[in-house]
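Coordinate analysis (summary)
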Amino acid sequence: MSEHIPLDYTPLSPEESLERATTFYELMRTRRSVRFFSDRPLPDGLIERIVATAGTAPSGANQQPWTFVVVGDPQLKRAIRAAAEEEERAFYGSRASEAWLNDLAPLGTTWQKPFLEIAPALIVVFRQRYGLTSEGESRKHYYSQESVGIAVGMLIAAIHYAGLVTLTHTPSPMEFLERILQRPAHEKAFLLLPVGYPADDATVPNITRKLLDEIMVRHPDTSASRSG
Ligand code: IYR
């Protein structure tokens, strides 16, 4: 066991906890996946803070199996857009089943991904399938999918909290990102998130979230609807 140190913990009263949980929920419920971006640049240092926040995520055996590649270079963004649109054209044209396309219809997505060039930054998240020691030996990673998924959730929350918008873009397959960004062999592209400000005329699909009752089950079940 490594050395243990005292936990740095700030206690809150129940009232403060409830107040903060409510404020945070009210903020997070306004988050939307945005597909229409402005080219307005990001303030210096903002993306670094956001990525640093994602890097505080818990991970299997604390191996932190992630790399966040931040792309602002217009040529790289253009290359990523071209390659993503090639895959997406095949997806929307033939690869996706009718059922899948029907499920996507409410979102209004197409093979065209102009946001990949317009957004001031793309964060490409890579999952390290295994680690490398300083001697170049490979080291098994545990729960890397779960770990990177958690980190991306925190990344999205940090982006929203900072007043920026994003979406989780999943061109499939994503090998082109490993090639264009020249990542080492143990890194697999996990997600691509354009980050920036919404276009002035940005719209979002009119869709709803499940109610708390639909996503939470309690034991014991004290809800009125079940107690009778
Ligand atoms: N990767 C495609 C298709 C797509 C798939 C799902 I599941 C979505 O929730 C949204 C889109 C695209 O990005 O358009």
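In short, a report on the structure.

Moving on, we come to the pattern of salt bridges. All chains considered together, the criterion is met by 8 salt bridges. Among the ionic pairs, glutamate 187 bridges to arginine 183, the shortest N-O distance being 2.7 Å.

So, on to a nonpolar patch on the surface. Residues Leu212, Ile215 and Met216 make up a contiguous nonpolar surface patch of about 310 Å² in total accessible area. As for its position among the elements, leucine 212 is in helix α8 (residues 212–215).

Attention now moves to helix α6 (residues 144–161). Here α6 contains 18 residues, and its C-alpha end-to-end distance of 25 Å stays within 8% of the 26 Å for a straight helix at 1.5 Å per residue. What α6 keeps buried is the set Ser144, Ser147, Val148, Ala151, Val152, Leu155, Ile156, Ala157, Ala158, Ile159 and His160. Buried positions along α6 lie against α1 (14–28), α2 (46–54), β1 (66–71), β2 (121–128), β5 (165–166) and β6 (187–196). Positive phi shows up at glycine 163, right after α6, with a value of about 85°.

In the vicinity of the ligand, the contacting residues are Glu88, Phe91, Tyr92, Trp100, Leu104, Leu107, Lys113, His169 and Thr170. A distance of 3.0 Å separates an oxygen atom of the ligand from a polar atom in the side chain of glutamate 88. Here a nitrogen atom of the ligand and a backbone polar atom of threonine 170 are 3.0 Å apart. Contact with the protein chains covers 72% of the free accessible surface of the ligand, which is 380 Å². Mapped by element, the contributors of at least two residues to the shell around the ligand are α3 (74–95) and α4 (98–104). By residue number, the principal contributor to the shell around the ligand is α3, which donates 3 residues. Its residues assigned to classes, the shell around the ligand shows 5 nonpolar, 2 polar and 2 charged.

What counts, and at which threshold
- Residues numbered from 1 in each chain as written.
- Predicted model: local features only at pLDDT ≥ 70, side-chain atom pairs only at ≥ 80, totals over all residues.
- Heavy atoms only, no water.
- Salt bridge = Lys/Arg side-chain N within 4 Å of Asp/Glu carboxyl O.
- Patch = residues over 30% accessible without salt bridge, like charges linked within 9 Å, V, L, I, M, F, W, Y side chains within 5 Å.
- Areas by Shrake-Rupley, 256 points an atom, 1.4 Å probe, with all protein chains shown as cover.
- Helix = DSSP H or I, 4+ residues; strand = E, 2+ residues; numbered from the N terminus.
- Expected span 1.5 Å × (residues − 1).
- Buried < 20%, exposed > 50% of the residue type's maximum accessible area, 1.4 Å probe, protein only.
- Contact = heavy atoms within 4.5 Å.
- Near = heavy atom within 4 Å.
- Polar contact = N/O pair within 3.5 Å; in protein donor to acceptor, adjacent residues only side chain to side chain.
- Nonpolar A, V, L, I, M, F, W, Y, C, P; charged D, E, K, R; others polar.

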